[in-house]
Structure formats: structure tokens, C-alpha cells
Amino acid sequence: MTRHAFLDRLAEVRSVAAFGHVDAVGAGHLHADGPELALGTLCTVAVGGGRSVVAEVVAARDDGITLVPLESAGALRLGARVTAAADTGGWPVGDGFAGRAVDALGRPIDGGGAILAASRAARCGAAALDRVNPSQVLVTGVRAIDGLLTLGVGQRVGVFAASGVGKTSLVEQLARQIECDRCILCLVGERGREVSGLWEMTATRRARFTLVAATSDESPAMRARAVDQALTLAEYWRARGEHVLLFIDSITRLAMALREIGLAAGEPPTVRAYTPNVFAALPQVVERCGAVRGQGAITAIMTVLAETDDVDDPIVEVMKSLLDGHIILSRTLADQGHFPAIDVPRSVSRQAGRLAAPDHAAAMRAIVALLADHEENRLMIETGVYRAGSNARIDRAVAARERLAGFLRQGADEAVAFAATVQAARAAAA
């Protein structure tokens, strides 16, 4: 006898709200004896006076669940009622988010009206064989990138930089100059004034921008969910065949938020105190981006804070291994007033060889070799130890130094056509 579909639907209905009670409160997390819920589910926790706060389930054991509040939870107390929140499956998506600034829960923060979500979507990603290599050049308008680190539509790239070397200026320039159908700016753990400044930058073409922000004073769960909200929106538009440009600033602060959540959930700290959930989450963030066969593409530019050149920085090394390229900004160049402060010999685009024309690729290799030769012998050259004529290769690097610096320097408001960049690269390599 075939089971009627109505019975299956009826089994899914919760006629009574699932609930439990707080039995332990810690710094930034709490434990409750129920309800039985999956990881990532949202709950409401009563704080008295008819008020409640939203919390996310980060661990589940046989004795109950561990939650991290998404909002300020100073009034939490033992015995507070914990109830499964209604309609928490996935993240809100839809065209209503175009031209809007929202928080990690999809709520507007730009002073506009409420956003009508078309639906709620879960993390989806794409099957391995449906992910395709970039086949079209991504024109950034920045000579150092287009000429020497050519990128493709759907590529995942990291911008590795310490503070104060022009990272924000470069991100703003790329957001203004790269042509796309949608541009999503995801700010994780940033200062409030940075969020405001970036939103003001979008005023001239606001319809194509969406800002998702969780500032540094918000809970770690909100900071982590901001990335999921941005990625889910990007996947929604990609599935409709659109090219989405996604900025995540920064992956390091996402990792710090995940570390706080992992420690609250009882995970053991590993290298630099990062918990295992961090290294499980980062590959998922990267792999959800890219081009998908039969759909559109998500071009992802993710910033990574690299305070030093130490190879034992786990987030830097993990992201370098996951991404399709990395752009490294140099403090030395920044101190010299060189913008963008891109350290070309230490940067790489893993798609450049496929995307560049043969003559462009040859010029690219020649310029990188000249820059590397000069950097390798910079100390001898600047101290006067090296004497001209001692080595022909070094002589060529010294002679080309100013010519190459002129090619690489560019104003933050200057956009250069791709054909002009390729022509200038050929001339600089000559």
C-alpha cells in the first residue's frame, strides 16, 4: 500500500514549538538542555521583559546544545527559555537586495524600507565537474594586474596585505572599474567608518551594488554569517547566468570569528590557536565561488591580513593553497608612495598563462624577470657595491627600473583599457 504524500507533509509539521532552558552561561556562549536542533539553526532566547535575542547552534551533544548569541546578550540568565526560531532555513535572497546595505541576517542597515526576499536559499555550491576554468579576461583597469597578473572571469584571487599599505584603496578601485552584472561587498569585522565610506563610494552606480556588513563589535556568529549571506546572494544571481563580483574583506577576520565560535563549542585549539572548524570552513568559502557550466560566474576577490612574511601564518598559507592566484602588497613600495603597492615577483595569477596572448605572455615573463633580478640584487645596487658592466642581466634590470616603475604606478582614479595595458607592457619589456 502506497503511503499518501499528505502523511509525509503532516510528519514535517511542528504543532508545538520545540524549546529548552539555559543551564549554563559563559563569556560569549551559553548551553541549554534543548531543543534538539541541527548545527547552524537559529533559536530565540528569552531575556525578560518580553524581549529575546537570537542565537545560533554551534555544537550539539547528548546533554544539550551550545549556542552563540548573534546580538548583545548581557541579560541572559539561567533558566531562560530557548525556542527554535521560525523560518530559519537558509538565507534570504532576491533582487530586492540590489542597491541595498544589509547585516548578516539580511536586515537593512541603510535606512531604507524592509526588503522583500524572493525566497530563502541554503548553501549549494556546484559539483566538481560543473566548475569550469575562466575563459574570458577580467579587465580591472589596473596595469599591474591586467598586464602582469591577468585574471579571468570566475577566478578566485587573494589580496594579501598588512594594514596601511593601500588595500582598501585598491579594493575600492577594483569595485568601481571591473564590469559585472552584480557587485557584492562583504565586510567582516571592519570598523564602522570603513563600512560607511565604502557604501558612499557606491553612490554613483548603487543599483549594481549590495553591501553585507558585520562590524568588529558584533558577535562572532554575526561576523561569520555575513559571509554566508553574501555567498548565498552571489550563488542566487550566478544561477540566473549573471556575472557576480564578490569582495570579502577580510578572510582573516572571518577566521578569527570562526575561532571564537570553535572555542565556544569546545573544539581544541591548534596552530596559532585556530580551531579545526576554521580549516574546514575556508575551503568551502573558496569553492562556492567560480564559474559554473550552464550558469554565470562568481569572481571572488578576498583580502587576507598578512602582518609579516612568516611562512607559519596558517591562514595565509591555507588561502594561498586554495585560491587561483594571490596579489601581495608591499609595505616597502607603499612607503615609497608607489600605488598600487603590488609586489609583482611575489604575486601570481594561475590563469594568466591560459588567458594572455603569446606576445603578451612573453612580455609578462620578461618584465617579471627584470623586476626579480633587481629585487634580488637591490642591496648591492643601492649600497654601491655593484659595479655596472659586471653582469649583463643586472645591468638590464637597473636600466629598466624607472621604465618599469612608470608602467606599474597608477592613480587610484585612473582606469586603463586592456589593449593599452598590453601595448604598454610590450613597450616596457623591450
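For the structure itself, look to the data block above.
Residues numbered from 1 in each chain as written. Predicted model: local features only at pLDDT ≥ 70, side-chain atom pairs only at ≥ 80, totals over all residues. Heavy atoms only, no water.

This paragraph deals with the overall build of the protein chain. Looking only at helices and strands, the protein chain has 14 helices and 20 strands in total. Looking at the protein chain as a whole, 51% of its 430 residues qualify as buried. For the protein chain, restricting intrachain contacts to residue pairs at least 6 apart in sequence, the fraction spanning at least 24 positions comes to 71%. Surface accessibility of the protein chain: about 19,400 Å² in total, with carbon and sulfur atoms responsible for 53%. Averaging the coordinates of the 45 positive side-chain charges in the protein chain and doing the same for the 48 negative ones gives two points 3 Å apart. (Helix = DSSP H or I, 4+ residues; strand = E, 2+ residues; numbered from the N terminus. Buried < 20%, exposed > 50% of the residue type's maximum accessible area, 1.4 Å probe, protein only. Contact = heavy atoms within 4.5 Å. Areas by Shrake-Rupley, 256 points an atom, 1.4 Å probe, with all protein chains shown as cover. Lys, Arg positive; Asp, Glu negative; His and termini not counted. Charge placed at Lys NZ, Arg CZ, Asp CG, Glu CD.)

A few words on empty space enclosed by the protein. Evaluated as defined, the whole model comprises one cavity of 30 Å³ or more. By volume, the largest cavity is sized at about 60 Å³. The wall of the largest cavity is formed by Thr-168, Val-171, Leu-187, Glu-190, Glu-194, Leu-198 and Asp-249. Listing elements by their share of the lining of the largest cavity, those giving two or more residues are α3 (167–177), β14 (182–190) and α4 (192–201). (1 Å grid on protein atoms, 1.4 Å probe; cavity = no way out; pocket = protein on both sides within 12 Å on 5 of 7 lines; lining within 4 Å. Points joined across faces, edges and corners; volume = space filled by probe spheres on them.)

Following the criterion strictly, the structure yields two aromatic pairs and no others. Taken together, a centroid distance of 6.4 Å and an interplanar angle of 75° make the contact between Tyr-274 and Phe-279 edge-to-face. By relative accessible area, which is 6% here, Tyr-274 ends up buried. If you follow Arg-81 out to its NZ or CZ, it ends over the ring of Phe-19, 3.8 Å from the centre. Just above the ring of Phe-160 sits the side chain of Lys-320; from NZ or CZ to the centre is 5.8 Å. (Phe/Tyr/Trp six-rings, centres within 6.5 Å; stacked < 30°, edge-to-face > 60°. Lys NZ or Arg CZ within 6 Å of the ring centre and 35° of its normal.)

In this structure, Ile-184, Ile-251, Leu-254, Met-302, Ile-315 and Met-319 are the most contacted members of the largest nonpolar core, which totals 55 residues. In terms of residue count, helix α5 (residues 220–238) provides more of this core than any other element does, ten residues in total. If we ignore the near neighbours within four places in the chain, the residues touching Leu-254 are Val-188, Arg-223, Ala-224, Val-227, Leu-282 and Val-285. Judged by nonpolar contacts, the second largest core, of 52 residues, contains Leu-148, Cys-183, Leu-408 and Ala-428. (Core = buried A, V, L, I, M, F, W, Y, C linked by side-chain atoms within 4.5 Å.)

Attention now goes to the sheet that holds strand β3 (residues 42–48). Reading around the circumference, β1-β2-β5-β4-β3-β6 is the order of the six strands in this closed barrel, with antiparallel pairing throughout. Adjacent strand axes in the sheet meet at a mean angle of 40° when their direction is disregarded. Examined bridge by bridge, strand β4 (residues 51–61) and strand β5 (residues 64–69) share six bridges and lie antiparallel to one another. Paired with Ala-55 across the two strands is Pro-69, which belongs to β5. (Pairing = 2+ DSSP bridges. Axes fitted to C-alpha atoms, helices over the stretch in contact; angles between N-to-C directions.)

Taken as a whole, the second largest pocket holds about 680 Å³ of empty space. Glu-56, Arg-123, Asp-228, Leu-258 and Ala-281 are, among the 28 residues lining the second largest pocket, the residues nearest its centre. Looking at the lining of the second largest pocket, the elements with two or more residues in it are β4, α5, α6 (251–264) and α7 (276–287). With six residues, the single largest contributor to the lining of the second largest pocket is α5.

This paragraph deals with the side chain of Lys-167. As for its placement among the helices and strands, Lys-167 is situated in helix α3. Here Asp-249 takes part through its side chain, which lies 3.3 Å from a polar atom of the side chain of Lys-167. Contacts of Lys-167, omitting those with residues within four sequence positions, involve Ala-161, Glu-190, Asp-249, Thr-303, Leu-305 and Leu-329. (Polar contact = N/O pair within 3.5 Å; in protein donor to acceptor, adjacent residues only side chain to side chain.)

What follows concerns the pairing of strand β1 (residues 19–26). One face of the sheet, then the other: side chains in a regular strand alternate in exactly this way. Note: β1 against strand β6 (residues 81–84), three bridges, orientation antiparallel. Across the sheet, residue Gly-20 finds its bridge partner in β6, namely Val-82. Relative to strand β2 (residues 29–32), β1 is paired through four bridges, and the arrangement is antiparallel. The partner of Gly-26 across the bridge, within β2, is His-29. The antiparallel pairing of β1 with β2 creates a hairpin that spans two residues between the two strands, and Gly-28 there sits at a positive phi of about 85°.

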